[in-house]
Amino acid sequence: MRKTRFRSFPVLMITLAFFAGLIYFIINLAIHSAEWASMPYNGHLSDSDAMEMTGTITDRNGVVLAKTENGKRIYNQDEDIRRACLHVIGDDSVNISTAIQTLYRSELSGYNFILGLGAPDFLQKGADIELTIDSEVQKAAYRALGDYRGAVIVYNYKTGEVICMVSTPTYDPENVPEDIDTNDEYEGAYINRTISASYPPGSTFKLVTASAALEEDPDNENREYDCIGYTEIGGKTINCYSVSGHIDMTGALMNSCNAYFAELTVDLGKDCMLKQAEKMGFNSSWKFDGIETAKSSYDVSEADENAFAWSGVGQYTVLESPINMAIRSCAIANGGKSVTPELIMNINTLFGGSLKQNDSSPSKTMMSKETADKLADMMDYTVENSYGKGYFSNYLDVCAKTGTAEVSDDGLAHAWVTGFTKDEDCPLAFAVIVEHGNSGYQAAIPVAGAVLDAAAEALEGD
Ligand SMILES: [Zn+2]
């Protein structure tokens, strides 16, 4: 009797371990099955018809951007739209890690937990995804960038809907170039520059420095300065683009006076600058619709006085993503509060109901309403008196700030422009970068203008 009991104990333990393992496996299967089944390196499944993404992807107007026909994934019939939408949609591979077809592969292929990928044909319809982008505005941005490498992001600063997200270099997902991995022309083509790249922000960063000063003391708006074309800080020279003479903060922003903002930066101090930069999205990333953006960075811990002064005009080691720049322009337009962008309107399953995730970063109070309104007025004044409202857009009243950011590789400077429209019916925040475009005024504004005009036309009927 005793012997039997002694023997049955290990059997009991083995049985318990077996059931514990089984439960562990079932729980994991429930959590990860869709992911495992549609793993790109799961060769058996990816070769079978069952792996086809059957869901359709449309833009905000129902224009089909990707669908499956006779077992083949096909994209929009307009090659420029295909190229313009590549980084948002993706191609048949998973090379573009932030693309919808990469992130939502299992939803699009209609994986079923009970039946796996072996569900009957009529149940194998993947979810359809409706995006917030407008394919015509995408095309306008792609064409406006021309042969330049760069990025354009435009979104509704009230609702968060992304109207345009274009990155170049790009390629046609229906005819992926054979030399894509060896030809320099396609270097970085798998990167969505709007969300996954960051660059020196140059003079656009003066908006961050100005907001730090105004948050510290609203009277800083009246701080006056005599610009002689340069200043000496920490024993080294900081040059301006021109001699501005006697200016206040509005005049300094309009003339993009480096000396004014460099001196202001040193007076504010590192803690104040870091605090405001972090309130405006630096040193953290944004999340929405399963996408995590690159971090923008502001770190002056090792900077000497001259380097710190340069940080306040967006040079030194400061780096910013185009999407972060658009989000801080959104906050300026919105009385100080940011609205997180979103790219997916809906994910509609065969059985109804939406799978859209609610994972967006919360909105942030980046500055007081008083500061935001003052900055908005300064950007309005800058466009009116420096760039010209008509040079920007035929339809919209645009407030903006350009930037021309020196780069370390001896190439021409990067050209930036960021801002927003002053229009209740078409409230758009934007950022444009033209790599090596040399001048924000000459290279970036025409791209922004073309895209904003296309957006005004597209959204008219919305
Ligand atoms: Zn100056």
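Structure shown above.
Everything quoted here is computed from the prediction, not taken from an experiment.

**Focus on the overall build of the protein chain**
Looking only at helices and strands, the protein chain features 16 helices and 16 strands. Sorting the 462 residues of the protein chain into buried and exposed places 49% on the buried side. For the protein chain, long-range pairs separated by at least 24 residues make up 67% of all intrachain contacts whose partners lie at least 6 apart in sequence.

**Thoughts on the sheet that holds strand β16 (residues 428–434)**
As summarised here, the arrangement of the five strands in space is β6-β5-β16-β15-β14, forming an open sheet in which the pairing is antiparallel. In this open sheet, the two edge strands, each paired with only one partner strand, are β6 (162–168) and β14 (398–405). Across this sheet, the average inter-strand angle for adjacent strands is 5°, counted without regard to direction. Pairing between strand β15 (residues 414–421) and β16: six bridges, direction antiparallel. Bridging across to β16, G419 finds its partner in F430. Strand contacts of helix α6 (residues 135–145): β5 (150–156), β6 and β16, with the helix running at about 30° to β6, the strand carrying the most contacts.

**Notes on helix α13 (residues 322–333)**
Since the α-helix turns once every 3.6 residues, residues separated by three or four places project in the same direction. Taking 1.5 Å of rise per residue, twelve residues should cover 16 Å, and α13 covers 17 Å from first to last C-alpha, within 8% of that figure. Within α13, twelve of the twelve residues are buried, leaving the element largely enclosed by the surrounding structure. Residues of α13 that are buried include every one of P322, I323, N324, M325, A326, I327, R328, S329, C330, A331, I332 and A333, and no others. Packed against the buried residues of α13 are β5, α7 (193–196), α8 (206–216), α14 (369–387), β15 and β16. Taken from the residues just after α13, G335 is the one with a positive phi, measuring 70°.

**Some details on the nonpolar core**
Generally speaking, nonpolar side chains in soluble globular proteins are found buried as a group. Counting residues in each nonpolar core, the largest one holds 128 residues, and the members touching the most others are I153, C164 and V451. For this core, the element with the most residues is helix α16 (residues 440–459), which contributes eleven residues. For C164, the residues in contact, after removing those within four places along its chain, are I133, D134, V137, Q138, A141, V152, I153, V154, V451 and A455.

**Notes on the packing of α8 against α14**
If you want to describe how two helices pack, look at the angle between their axes and the distance between the axes. Taken N-terminus to C-terminus, the directions of α8 and α14 make an angle of 140°; their axes are 10 Å apart at the nearest point. Taken as axis vectors, α8 and α14 run oblique relative to one another. For the element pair α8 and α14, the recorded crossing hand is right-handed. Along its contact with α8, which presents L207, A210, S211, L214 and E215, the element α14 presents T371, K374 and L375. Tallied by class, the residues present in the contact of α8 with α14 amount to four nonpolar, two polar and two charged.

**Brief notes about the pairing of β6**
Successive side chains on a regular strand alternate, one facing one side of the sheet and the next facing the other. Counted residue by residue, β6 has seven buried out of seven residues, so it is predominantly covered. Pairing between β5 and β6: six bridges, direction antiparallel. Looking at β6, one finds that Y155 is bridged to V162. Hairpin connection, β5 to β6: the antiparallel pair is bridged by five residues, and G160 has positive phi, about 90°.

**Observations concerning helix α3 (residues 79–89)**
A large share of α3 lies buried, amounting to nine of its eleven residues. All of the buried residues in α3 are I81, R82, R83, A84, C85, L86, H87, V88 and I89. Of the residues trailing α3, G90 is marked for its positive phi of about 95°.

**A closer look at the sheet that holds strand β13 (residues 344–348)**
Here five strands make up an open sheet; going across it, the order is β3-β2-β1-β4-β13 and the pairing mixed. With one partner strand each, in any of the chains shown, β3 (72–75) and β13 form the two edges of the open sheet. Taken together, the two bridges between strand β1 (residues 57–58) and strand β4 (residues 128–131) define a ladder with parallel strand orientation. Across the sheet, T58 pairs through a bridge with E130, a residue of β4. Along the sheet, α3 contacts β1, β2 (64–69), β3 and β4; its crossing angle with β2, the most-contacted strand, is approximately 80°.

**What to know about the packing of α6 against α16**
In contact at an axis separation of 9 Å, α6 and α16 are set at 165° when each is read in the N-to-C sense. In this view, α6 runs roughly antiparallel relative to α16, as classed from their interaxial angle. Where α6 crosses over α16, the two elements pack in a sense that is right-handed. Contacts between α6 and α16 involve E136, V137, A140, A141, A144 and L145 from the former and P446, V447, A450, V451, A454, A455 and A458 from the latter. Of the residues assigned to the contact of α6 with α16, the class counts are twelve nonpolar, no polar and one charged.

**A few points about the environment of D80**
If you trace the backbone, D80 turns up in helix α3. Separated by 91 residues in sequence, D80 and Y171 have C-alpha atoms that sit 9.5 Å apart. Dropping the residues within four chain positions of it, D80 is found in contact with K139, Y142 and R143.

Conventions adopted
- Residues numbered from 1 in each chain as written.
- Predicted model: local features only at pLDDT ≥ 70, side-chain atom pairs only at ≥ 80, totals over all residues.
- Helix = DSSP H or I, 4+ residues; strand = E, 2+ residues; numbered from the N terminus.
- Buried ≥ 20, exposed ≤ 12 C-beta atoms within 10 Å, placed from the backbone.
- Contact = placed C-beta atoms within 7 Å.
- Pairing = 2+ DSSP bridges.
- Axes fitted to C-alpha atoms, helices over the stretch in contact; angles between N-to-C directions.
- Expected span 1.5 Å × (residues − 1).
- Core = buried A, V, L, I, M, F, W, Y, C linked by C-beta atoms within 7 Å.
- Parallel < 35°, antiparallel > 145°, perpendicular 65-115°, else oblique.
- Left-handed = near helix turned anticlockwise from the far one by under 90°.
- Nonpolar A, V, L, I, M, F, W, Y, C, P; charged D, E, K, R; others polar.

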